[in-house]
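One letter stands for each residue in the lines below.
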Amino acid sequence: MAAVEQTDRAEYVVVGGGMVADAAARGIRDRDPDGRVLVLGDDVDPPYTRPALSKKLWIDPDFTEADNDCGTAADTGAEVRTGVRVTAVDTAARTVTTDAGDVVGYGSLLLATGGRPSSGPLEPGPRVIAFRTAQDYRDLRQLAGDGRHVVVVGGSYIGTEIAAALAQNDTRVTLVMPDEVLGASMFPPRLAEHFQRMFAGAGVTLRPGTRVTGGTAGDDGVEVTLDDGSTLAADAVVLGLGITPSTELAEAAGLAVDDGVVVDGTLRTSDPHVFAAGDVAQYRDPLLGVTRVEHVDNAKTMGQAVGELMAGRTEPYDHTPFFYSQVLGTRYEAVGTLDGSARTVEDWATDAGPEGEGVVYYLDEDGRVTGVLLWDVAERVEQAKEVLADRAPQTEEQLRGRITAG
Ligand SMILES: Cc1cc2nc3c(=O)[nH]c(=O)nc-3n(C[C@H](O)[C@H](O)[C@H](O)COP(=O)(O)OP(=O)(O)OC[C@H]3O[C@@H](n4cnc5c(N)ncnc54)[C@H](O)[C@@H]3O)c2cc1C
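Numbering of residues begins from 1 in every chain and follows the order in which that chain's sequence is written. Only residues with pLDDT of at least 70 get local features here, since the model is predicted, and only at 80 or more are side-chain atom pairs given and counted; chain-wide, interface and lining totals rely on the full set of residues. Note that the side-chain values use all heavy atoms of the structure and ignore hydrogens as well as water.

Engineer: Got a minute to help me understand the overall build of the protein chain in this structure?
Structural biologist: Secondary structure elements are taken from DSSP: a helix is a run of H or I of four residues or more, a strand is a run of E of two residues or more, and numbering for both begins at the N terminus. Looking only at helices and strands, the protein chain has 10 helices and 25 strands in total. All radius of gyration figures rest on C-alpha atoms, and the globule criterion is 2.2 Å times the number of residues raised to 0.38. Rg of the C-alpha trace for the protein chain: 22 Å, near the compact-globule value of 22 Å for 406 residues, within the 12% margin. Overall, the C-alpha framework of the protein chain stretches about 70 × 60 × 40 Å when taken along its three principal axes. Categorising residues by exposure relies on relative accessible area from a 1.4 Å probe, with only protein chains included: less than 20% of the type maximum marks a residue as buried, more than 50% marks it as exposed, and the intermediate range marks it as partly exposed. For the protein chain, with 406 residues in total, the buried portion stands at 52%. Contacts: residue pairs with any heavy atoms within 4.5 Å of one another. For the protein chain, the share of sequence-separated contacts (at least 6 apart) that also reach a separation of at least 24 residues comes to 61%. Accessible surface is estimated by sampling points in the Shrake-Rupley manner with a 1.4 Å probe; for residues, cover comes only from the protein chains shown. Here the protein chain has roughly 17,300 Å² of accessible surface; of this, 46% comes from carbon and sulfur atoms. Across the protein chain, 35 positive and 65 negative side-chain charges occur, with their mean positions spaced 2 Å apart. None of His or the chain ends enter the tally, which takes Lys and Arg as positive and Asp and Glu as negative. A charged residue contributes its charge at one atom only: NZ of Lys, CZ of Arg, CG of Asp or CD of Glu.

Engineer: Before we go on, may I ask you to explain the UniProt feature "domain: FAD/NAD(P)-binding" (unreviewed entry) in the protein chain in this structure?
Structural biologist: What UniProt calls "domain: FAD/NAD(P)-binding" (unreviewed entry) maps, in this numbering, to residues 12–303. End-to-end, the C-alpha atoms of residues 12–303 are 14 Å apart, and along that stretch the chain is 24% helix and 28% strand. UniProt positions are given in the numbering used here, feature names are shortened, and annotations may be inferred rather than shown by experiment.

Engineer: Just to check I follow, could you spell out the site of the ligand for this structure?
Structural biologist: By convention in these notes, a residue is near a molecule or strand provided one of its non-hydrogen atoms lies within 4 Å of it. Around the ligand, a shell composed of 33 residues is seen, among which Asp42, Arg50, Lys55, Arg132 and Asp279 lie nearest. Contacts described as polar in this section are N or O atom pairs within 3.5 Å, which, within protein, must combine one atom able to donate a hydrogen with one able to accept it, while residues neighboring in sequence count only if both atoms come from side chains. In this structure, an oxygen atom belonging to the ligand sits 2.5 Å away from a side-chain N or O atom of Asp42. When the free accessible area of the ligand is taken as 990 Å², the share hidden by the protein chains comes to 95%. Elements supplying a minimum of two residues to the shell around the ligand: helix H1 (19–31), helix H5 (157–167), helix H8 (296–310) and strand S21 (323–327). Three residue categories are used. Nonpolar comprises Ala, Val, Leu, Ile, Met, Phe, Trp, Tyr, Cys and Pro, charged comprises Asp, Glu, Lys and Arg, and polar comprises the others, including Gly. A breakdown of the residues in the shell around the ligand according to their chemical character gives 15 nonpolar, 9 polar and 9 charged. Domain start and end points were adopted from an automatic or database domain assignment. Each of two domains, domain 1 (8–116 + 243–311) and domain 2 (119–239), supplies a minimum of three residues to the shell around the ligand.

Engineer: It is not clear to me how the environment of Val103 should be interpreted in this structure. Could you clarify?
Structural biologist: Its place among the elements puts Val103 in strand S6 (residues 103–111). Given the relative accessible area of 7%, Val103 is considered buried. For the pair formed by Val103 and Val204, sequence separation is 101 residues and the distance between their alpha carbons is 50 Å. Other than its neighbours up to four places away in sequence, Val103 contacts Val4, Glu5, Gln6, Thr7, Asp8, Thr95, Val96 and Thr97.

Engineer: Please explain the sheet that holds strand S20 (residues 289–291) as it appears in this structure.
Structural biologist: Sheets are built from strands that pair by backbone hydrogen bonding, the pairs being arranged parallel or antiparallel. Ordered by their spatial adjacency, 3 strands build an open sheet running S17-S19-S20, and the pairing between neighbours is mixed. At either margin of the open sheet sits one strand with a lone partner, and together these are strand S17 (261–262) and S20. When DSSP finds two or more bridges between two strands, those strands count as paired. The pairing of strand S19 (residues 281–285) with S20 spans 3 bridges and is classified as antiparallel. Bridging across to S20, Asp285 finds its partner in Gly289.

Engineer: Teacher, can you tell me more about the pairing of strand S25 (residues 369–375) here?
Structural biologist: Every regular strand shows the same layout, with side chains that alternate between the two sheet faces. Of all 7 residues making up S25, 6 are buried, and the element is well covered by its neighbours. Across 5 bridges, the pairing between strand S22 (residues 330–336) and S25 is antiparallel. Note on S25: the bridge partner recorded for Gly336 is Gly371. Summarising the sheet, strand S24 (residues 358–363) and S25 pair through 6 bridges and their orientation is antiparallel. When the bridges of S25 are listed, Val360 appears paired with Leu373. Where S24 folds back onto S25 in an antiparallel hairpin, the turn is made up of 5 residues, including Gly367, whose phi is positive at roughly 85°.

Engineer: Teacher, can you tell me more about the nonpolar core here?
Structural biologist: Taken as a class, soluble globular proteins show a tendency for nonpolar side chains to be buried jointly. Joining through side-chain atoms within 4.5 Å is the link that ties buried Ala, Val, Leu, Ile, Met, Phe, Trp, Tyr and Cys residues into a set, and such a set is a nonpolar core. Core analysis: the largest hydrophobic core is formed by 50 residues, its most contacted members being Val13, Val89, Val96, Leu109, Leu110, Leu111 and Leu267. Sort the elements by how many residues they give to this core and H8 lands first, with 7 residues. Apart from residues lying up to four places away in sequence, Val96 is in contact with Val13, Leu40, Val86, Ala88, Val89, Asp102, Val103, Val104, Tyr106 and Leu109. Core analysis: the second largest hydrophobic core is formed by 46 residues, Phe187, Leu191, Val327 and Trp375 among them.

Engineer: Even after reading the chapter, I still don't get the packing of aromatic side chains, so can you show me in this structure?
Structural biologist: Each aromatic ring pair is described using two quantities: the centre-to-centre distance and the angle formed by the ring planes. Stacked, tilted and edge-to-face are the three classes assigned to paired rings of Phe, Tyr and Trp, where Trp is represented by its six-membered ring and a pair needs centres within 6.5 Å; plane angles under 30 degrees give stacked, over 60 edge-to-face, the rest tilted. All told, the structure shown has 10 aromatic pairs when counted by the stated rule. Here Phe187 and Tyr332 contribute two aromatic rings whose centre-to-centre distance is 5.4 Å and whose plane-to-plane angle is 85°, an arrangement assigned as edge-to-face. Residue Phe187 is located in the loop between strand S10 (172–176) and helix H6 (189–201), and its partner Tyr332 is located in strand S22; the two are separated by 145 residues in the primary sequence. Residue classification places Phe187 among the buried residues on the basis of a relative accessible area of 1%. With a relative accessible area of 1%, Tyr332 lands in the buried category. Their ring planes at 65° and their centres at 5.2 Å tell us that Phe195 and Phe199 sit as a pair that is edge-to-face. Taken as a pair, Phe195 and Phe199 lie in helix H6 at a separation of 4 residues, close to a single helical turn. The exposure class assigned to Phe195 is buried, which follows from its relative accessible area of 0%. An aromatic cluster of at least three residues, connected via ring pairs, comprises Phe187, Phe195, Phe199, Tyr332 and Trp375.

Engineer: Explanation requested: helix H9 (residues 381–389) in the structure shown.
Structural biologist: Side chains that are three or four residues apart share a direction in an α-helix, a result of its 3.6 residues per turn. If you check which residues of H9 are buried, you get Val381, Ala384, Lys385, Val387 and Leu388. The arc enclosing the buried residues of H9, seen along the axis, measures out at 160°, which places them on a common side. Away from the buried face of H9 by more than 90 degrees, exposed residues Glu382 and Glu386 are located. Considering only its buried residues, H9 is in contact with S22, S24, S25 and helix H10 (396–399). It is the directions from the helix axis to the C-beta atoms whose arc is reported.

This is the structure in structure tokens:
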């Protein structure tokens with residue numbers, strides 16, 4: 001087959017214009033002031049901070065979408081193309097092809113394609129939003145407020161954050177979630193009950209132990225059917241059902257793919273000129289083992305590192321990420337796995353328990369710590385990592401008081 005002619009070339013090409021793309025452009029620039037960086041993203045917006053879409057933009061009236069722009073091009077000199085989808089990667093020719101028909105050559109390529117939100121049994125449309133992008137935020141803003149009714153599906157991070165944000169913005173919210181108690185899949189029972197009370201207290205109607213089985217969307221609203229046979233009429237539905245990593249380009253290019261695009265300690269895929277990072281990448285973490293992380297600390301830190309590695313850094317990547325969420329005035333941070341069915345040691349600062357601050361340790365069958373939750377406890381992530389790194393079995397007495405609030 002004749003080689004396809006290149007229409008453009010950059011030393012560094014990034015597929016996906018999200019949070020990793022922004023961090024990677026910064027990492028490249030820290031090492032290489034001159035190399036051309038080209039970001040090809042299918043979002044209509046240039047890189048922005050995704051966590052603000054479900055939190056700060058709803059609760060801080062002084063914070064606008066303009067403040068939420070990462071400023072990638074201005075800060076790094078990268079060329080950021082929006083609304084461009086990469087449709088193929090040719091690792092032999094070292095080119096990518098876009099949906100506009102461009103064939104762009106690269107020196108190093110970064111796959112920073114993140115993930116696409118799952119929609120479950122409801123088809124996304126103008127009133128059914130599988131929440132992920134800044135455009136989703138703008139669309140939901142139009143559909144919310146003025147006492148309107150929004151059904152939020154899913155009781156994990158995105159679902160709880162959006163439910164809280166809407167409830168604080170003059171919107172009636174019904175939260176449909178499979179857990180019998182909100183947060184029960186992540187938190188021990190006492191904390192989950194407190195978490196659920198926070199939402200009930202904010203006026204959110206909870207439908208625990210319930211799943212959406214279908215629904216119909218019209219011009220004026222949506223009717224949602226639940227697995228207990230009941231229906232809900234709403235102005236809009238928000239789906240917070242997790243993501244599927246966008247690995248299809250890597251698969252079609254013949255790169256190793258498992259739960260995500262497989263990378264080594266230098267964040268290279270099975271092709272040494274192609275890197276991957278962020279939500280899409282499966283890597284070996286020194287504390288967590290082989291994993292794929294869908295959180296912002298991972299996106300920013302791995303993104304910065306992959307940029308440096310593309311531009312000549314040789315030290316491997318060894319950062320263990322934390323994650324955080326913030327709802328209804330409470331912030332929690334965590335390292336490792338939060339499994340509500342695991343044995344836990346709860347170490348609350350006062351007798352008020354989860355009403356105040358505290359630390360929850362999650363243990364495996366042998367008593368080793370597999371996760372640490374910092375409930376309204378700031379600046380203790382490094383200590384939490386130290387506890388996780390200690391592979392000796394721990395007793396309750398050893399864990400109590402090991403991490404204290406500042
Ligand atoms: C609403 C929301 C709130 C969040 N809040 C938190 C939080 O509080 N705490 C936390 O720890 N984490 C949070 N996260 C997770 C965090 O934002 C993600 O881990 C992070 O954005 C991942 O960055 P990424 O660059 O890997 O993927 P993304 O930011 O998703 O970027 C990937 C981009 O690539 C594009 N793309 C995919 N395929 C192609 C292609 N073929 N061609 C061109 N472009 C393509 C996608 O459309 C997307 O724009 C939140 C996520 C969301 C959605």
